[in-house]
Amino acid sequence: STSGKPLDTPLSAAGGIRPFPRHPWEPGPTNTSQKKSQKAKPAPAVSFITARSEGYEKKSPLKIYVTLNPAVNRQVRVEYAATGGNAVQGRNYILKKGTLVFKPGETIKSIALRVLDDKTYDNDGTVEVTLANPVNAVLGAQTVHTCTIVDNDPPPSVSFISQVRRIKENSEETKVAVKLSRTSG
């Protein structure tokens, strides 16, 4: 029972009447919508611009781009390293661990992947580069970049060492020598 009190006025726990605005825009002691809420600005994030890229053996260095978003008025650092892929460090590419440093206001940096020409026909190789341990920023959505190193060497040809081979008619097997024009991976 409300004992004669208006139906839109709530009762307090002690049984008294507590003022209560009917709508959020009506002023009242429990209306907190008049305070301006300030949203926290998102932390700046470092991320690769793309998830994948490719480059050819004779085109070196291959640049992999990293972005900082948004620009900030302080220095930002992020470490990078080759962390995977099937290309071989020292044979197909060279990439030492390093740190990118964004000066205040900078938003784009690049990592130089030195691609080596092994002069051997083989399958294309991949290198995964990973961002880690940012300072004054957080890691963004794209923290791993896969770079495909496209082989530029032609496949070897196979030829017989001898143009003519004489064998007896009733021979069950014979050996035929062949050679490759170049090495192959």
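Notes on the structure follow. (Residues numbered from 1 in each chain as written. Predicted model: local features only at pLDDT ≥ 70, side-chain atom pairs only at ≥ 80, totals over all residues. Heavy atoms only, no water.)

## Considering the overall build of the chain
Working step 1: Of regular secondary structure, the chain possesses zero helices and 12 strands.
Working step 2: Helices (α) and strands (β) of the chain occur, in sequence order from the N terminus, as β-β-β-β-β-β-β-β-β-β-β-β.
Working step 3: For the chain, long-range pairs separated by at least 24 residues make up 65% of all intrachain contacts whose partners lie at least 6 apart in sequence.
Working step 4: In the form shown here, the chain has an accessible surface area of approximately 13300 Å², with 52% of it arising from carbon and sulfur atoms. (Helix = DSSP H or I, 4+ residues; strand = E, 2+ residues; numbered from the N terminus. Contact = heavy atoms within 4.5 Å. Areas by Shrake-Rupley, 256 points an atom, 1.4 Å probe, with all protein chains shown as cover.)

## Let's talk about the pairing of strand β6 (residues 98-102)
Working step 1: Only one face of β6 is buried: it carries Gly98, Leu100 and Phe102, and the other face, with Thr99 and Val101, is open.
Working step 2: Two strands pair when backbone bridges link them, and strand β4 (residues 76-84) and β6 are joined in this way by five bridges, in the antiparallel orientation. Within the sheet, the bridge partner assigned to Glu79 lies in β6 and is Thr99. (Buried < 20%, exposed > 50% of the residue type's maximum accessible area, 1.4 Å probe, protein only. Pairing = 2+ DSSP bridges.)

## Some words on the side chain of Thr148
Working step 1: When you line up the elements, Thr148 lands in strand β10 (residues 144-150).
Working step 2: Among residues more than four places away in sequence, those in contact with Thr148 are Arg52, Ser53, Glu54, Gly55, Asp124, Gly125 and Thr126.

## Some remarks on a nonpolar patch on the surface
Working step 1: A surface patch of nonpolar side chains, about 500 Å² in accessible area, is lined by Val158, Phe160, Val176, Val178 and Leu180.
Working step 2: Here Val178 shows up in strand β12 (residues 178-180). (Patch = residues over 30% accessible without salt bridge, like charges linked within 9 Å, V, L, I, M, F, W, Y side chains within 5 Å. Salt bridge = Lys/Arg side-chain N within 4 Å of Asp/Glu carboxyl O.)

## A word on the sheet that holds strand β2 (residues 52-56)
Working step 1: Reading across from one edge, β2-β10-β8-β4-β6 is the order of the five strands in this open sheet, with mixed pairing throughout. Of all the strands in the sheet, just β2 and β6 have a single pairing partner and so form its edges. Averaged over all neighbouring strand pairs, the angle between strand axes comes to 30°, with direction disregarded.
Working step 2: Pairing analysis gives five bridges linking β2 to β10, with the strands arranged parallel. If you follow Tyr56 over to β10, its bridge partner there is Val150. (Axes fitted to C-alpha atoms, helices over the stretch in contact; angles between N-to-C directions.)

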